[in-house]
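Structure assessment
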Amino acid sequence: MSDAIVYDNVSYSYAPRTARAGAPRALERISLKVREGERLGILGPNGGGKSTLLKLTLGLLSQQEGTISVFGQSPTQARDKRLIGYVPQRVDAELAFPLSGRQVVQLGAAIANKPWQRLSLEQREDVHEALVTVGAQAFAEKHVGAMSGGQLQRILIARALASKPKLLLLDEPTVGIDPAGQQQFASLLKQIAAEKQLTVVIVSHDLRTIAAGCDRVACLSRTLHAHTAPEGLTPAVLAEVFKHDVAAIFGELHVDAHKASACTDPTHHHGHGDGSHAPVTITVSKGGSS
Amino acid sequence: MKTIQYLTDPLYSSLFWPGVLAGIAMALLAAGLSVFVVVKRLSFIGQGISHAAFGGAGLAAILGLSATFARGAMQEAPLYGIPQFAVITLFCLGAGLLVGLIADKEATREDAAIGIILVASMALGAILLKIAPPGPTWESLLFGSLYNIGMQDTVIAWTLALGVLLTLWMTRRSLIFWAFDESASPAFGVSPRTMKFVLLTLLAITTVASMKLAGVVLATAILVLPGAIALQVSTRLVPVFAISFGSALAGVLAGIVLSFELDWSPGPAIVTVLTGAFLVAKGVRMLRGRAGTHGVAAA
């Protein structure tokens, strides 16, 4: 299987060129390969560099050191060729704008059209297919402001799929969505990735989203702390990655992460009647008891 | 009825028709932008830009670009030419860009920056108009006047209207994408900075084209009210823009009729009509919402 994305020793600093020496960098020597067809979760605390890595992958920022290739091309080339589909946080959308779900997806499909070009027949079919794929036909004509969080999330995924990308990047996709919706989202993503043979990268600070929707996890807090299967995350790694976020709230902390299959406590991992267990439970508590 | 007399009697018609035609152009200009102004919460920056036009008019006056012409037997009025329009538009655009330049996320938020530029432009306009050769009156600049509009102004207003509408049509997909989802737009090849610049430029042009009829104080209202009315009535893209155009056109024409009949300034008359329409639309929406709630409760 070939590589979809290759990060090779990538570093990035927001400091101006003259003030870079000695200043802390947003990303420090990131090396990581994402295989084609893989679903990778990038997990990390707020301010850990997740969004910066996403912007670098989209070609919206340029790294000062190292290289990034997306399907063997520069991120900008890959983006211009519409190889990358992007799903933003839904909370950023302006829901008062008078658009239906279908029109949002059509905009995604036709954004590179010339002003005088109408939506082609093929583009209309792509839009329809994207709406069918995410199961949004029933509410495609609804105003975006009248949609639930989960419905809008599906529309934004359909918008990203409408240009038939090979790579799907999702930025905090489950922010503001209830736990049941998050579980549905994970199942949907699994189905889409398999159906469309997509490579998927999810950026999130929510372990549940990453654990339920990804094959592999990269823990990022300025540097890469680990990249492993969700089950392979050790308490030490999670504590290291999240220590800045959690310590501020809980003080001294203890992290317990374990697989559902190895759990002896019947109260853990319940509530997923469809069999899609959250494979890892993380408990963070104060004073060393879990 | 004075309206019919003013528009058909050869003694008056050449004086008033240019204002009516310029008003229609202004309605078309404003209606296209209004939905974006409302949804992107740009009303206040629109206010800042329109007040900057007062400073621009002062600058144009001091540069000697406003000449006083005798027009007809009724009134002496300043005739604005293309250089004057250009100076005021560039001044307004500069003010808009200056807001972006001095606004930051810490000490000077955007609303504070707009407030500063707004009053600074008004003050500059007041000083420059005081020391410039006699030109347009303060009142006509602030509240507009039908008497001030000549055929040349009408031609300029229509040229600007067609240019703005063409630009809106050319950039419609990017503009709508940006308006709906600004943070995602760079990933889809749409630059938020470019889109905001395009919109601010169009706002500046629209303000300058509207200021002779509506005045700098009330030009913003024409940029806000048609979109606000349309968004009360519908949540569908095409109907919203159609209602915005319809209400702007109806509001401007009804306002001009009111100004003829009651001898009001056209700016306040137009704004009164549009505000009334907005209140009606808002009331109907509230009643509909209440009826819907009762319906659900009854069910």
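Located above this text is the structure these notes cover.
Residues numbered from 1 in each chain as written. Chains lettered and ligands numbered in written order. Predicted model: local features only at pLDDT ≥ 70, side-chain atom pairs only at ≥ 80, totals over all residues. Heavy atoms only, no water.

Details of the pairing of strand β7 (residues 199-204) of chain A
Residues and elements named next belong to chain A.
- Buried residues dominate β7, accounting for 6 of its 6 residues.
- The pairing of strand β3 (residues 39-43) with β7 spans 5 bridges and is parallel. Among the inter-strand pairings, glycine 41 is bridged to a residue of β7, identified as isoleucine 202.
- Note: strand β6 (residues 167-171) against β7, 5 bridges, orientation parallel. Looking at β7, one finds that leucine 167 is bridged to threonine 199.
- Viewed along the sheet, the connection from β6 through helix α6 (residues 179-196) into β7 turns out right-handed. (Buried < 20%, exposed > 50% of the residue type's maximum accessible area, 1.4 Å probe, protein only. Helix = DSSP H or I, 4+ residues; strand = E, 2+ residues; numbered from the N terminus. Pairing = 2+ DSSP bridges. Right-handed = clockwise from strand over helix to strand, strands pointing away.)

Observations concerning the packing of helix α3 (residues 43-62) of chain B against helix α5 (residues 110-131) of chain B
Residue and element names in this part refer to chain B.
- Here α3 crosses α5 at 20°, and the two axes come no closer than 7 Å. With respect to α5, the element α3 is oriented roughly parallel. The hand of the α3/α5 crossing is left-handed.
- Residues belonging to the contact of α3 with α5 are distributed by class as follows: 15 nonpolar, 8 polar and 1 charged. (Axes fitted to C-alpha atoms, helices over the stretch in contact; angles between N-to-C directions. Parallel < 35°, antiparallel > 145°, perpendicular 65-115°, else oblique. Left-handed = near helix turned anticlockwise from the far one by under 90°. Nonpolar A, V, L, I, M, F, W, Y, C, P; charged D, E, K, R; others polar.)

A closer look at unusual backbone geometry
- The backbone of lysine 164 of chain A shows a phi angle near 55°, a positive value even though the residue is not glycine.
- Following the sequence through the fold, lysine 164 of chain A ends up in the loop between α5 (149-161) and β6.
- Even without being glycine, arginine 41 of chain B reaches a positive phi, approximately 55°.
- A residue is classified by how much of its surface remains accessible, and arginine 41 of chain B, at 63% relative accessible area, is exposed.

Overview of the pattern of salt bridges
All names here are of chain A.
- Under the counting rule described, the total for this entry stands at 13 salt bridges over all chains.
- A salt bridge links glutamate 141 to arginine 102; the shortest N-O distance between them is 2.6 Å. With a gap of 39 residues between them, glutamate 141 in the loop between α4 (121-133) and α5 and arginine 102 in helix α3 (residues 101-110) connect regions that are remote in the sequence.
- The class for arginine 102 is partly exposed, based on a relative accessible area of 24%.
- Connected via shared salt-bridge partners are Arg25, Glu28 and Glu65. (Salt bridge = Lys/Arg side-chain N within 4 Å of Asp/Glu carboxyl O.)

So, the interface of chain A and chain B
- Between chain A and chain B, the contact holds 34 residues from the first and 25 residues from the second.
- Residue arginine 159 of chain A is joined to aspartate 181 of chain B by a salt bridge in which the shortest nitrogen-to-oxygen separation is 2.8 Å.
- The tally of links from chain A across to chain B stands at 8 residue pairs in polar contact (both at pLDDT 80 or more).
- Contributions of two or more residues to the side of chain A that touches chain B are made by α3 and α5 of chain A.
- The greatest single-element share of the side of chain A that touches chain B, amounting to 5 residues, is contributed by α3 of chain A.
- For the side of chain A that touches chain B, a count of residues per class yields 19 nonpolar, 6 polar and 9 charged. (Contact = heavy atoms within 4.5 Å. Polar contact = N/O pair within 3.5 Å; in protein donor to acceptor, adjacent residues only side chain to side chain.)

Some details on the environment of alanine 31 of chain B
Residues and elements named next belong to chain B.
- Position of alanine 31 relative to the elements: it lies in helix α2 (residues 10-39).
- Sequence spacing of alanine 31 and leucine 223 is 192 residues, and the spatial spacing of their C-alpha atoms is 6.9 Å.
- Excluding residues that lie within four positions of it along the chain, alanine 31 makes contacts with Ser244, Phe245 and Ala248.

A look at the sheet that holds strand β2 (residues 27-35) of chain A
Residues and elements named next belong to chain A.
- With antiparallel pairing, the 3 strands of this open sheet are ordered in space as β2-β1-β4. Among the strands making up the open sheet, the edge pair consists of β2 and β4 (65-70). Strand-to-strand twist in this sheet, taken as the mean axis angle between neighbours without regard to direction, amounts to 10°.
- Looking at chain direction, strand β1 (residues 3-12) and β4 are connected through 5 bridges and run antiparallel. Of the residues in β4, the one forming a bridge with isoleucine 5 is valine 70.

Regarding the environment of threonine 209 of chain A
- Structurally, threonine 209 of chain A can be placed in helix α7 (residues 207-213).
- When neighbours within four sequence positions are excluded, threonine 209 of chain A is seen to be in contact with Pro173, Thr174, Gln182, Phe185, Ile202 and Ser204 of chain A.

Examining the side chain of threonine 154 of chain B
Residue and element names in this part refer to chain B.
- Assignment of secondary structure puts threonine 154 in helix α7 (residues 151-170).
- At 2.9 Å, the side chain of threonine 154 and the backbone oxygen of proline 18 are in polar contact.
- The contacts of threonine 154, once residues within four sequence positions are left out, are Pro18, Leu21, Ala22 and Ile149.

Let's talk about α3 of chain A
- In terms of burial, α3 of chain A is a largely internal element, 7 of the 10 residues being buried.
- Listed as buried for α3 of chain A are Gly101, Val104, Val105, Leu107, Gly108, Ala109 and Ala110 of chain A.
- If you follow the buried residues of α3 of chain A, they end up packed against α4 and α5 of chain A together with α8 (172-180) of chain B.

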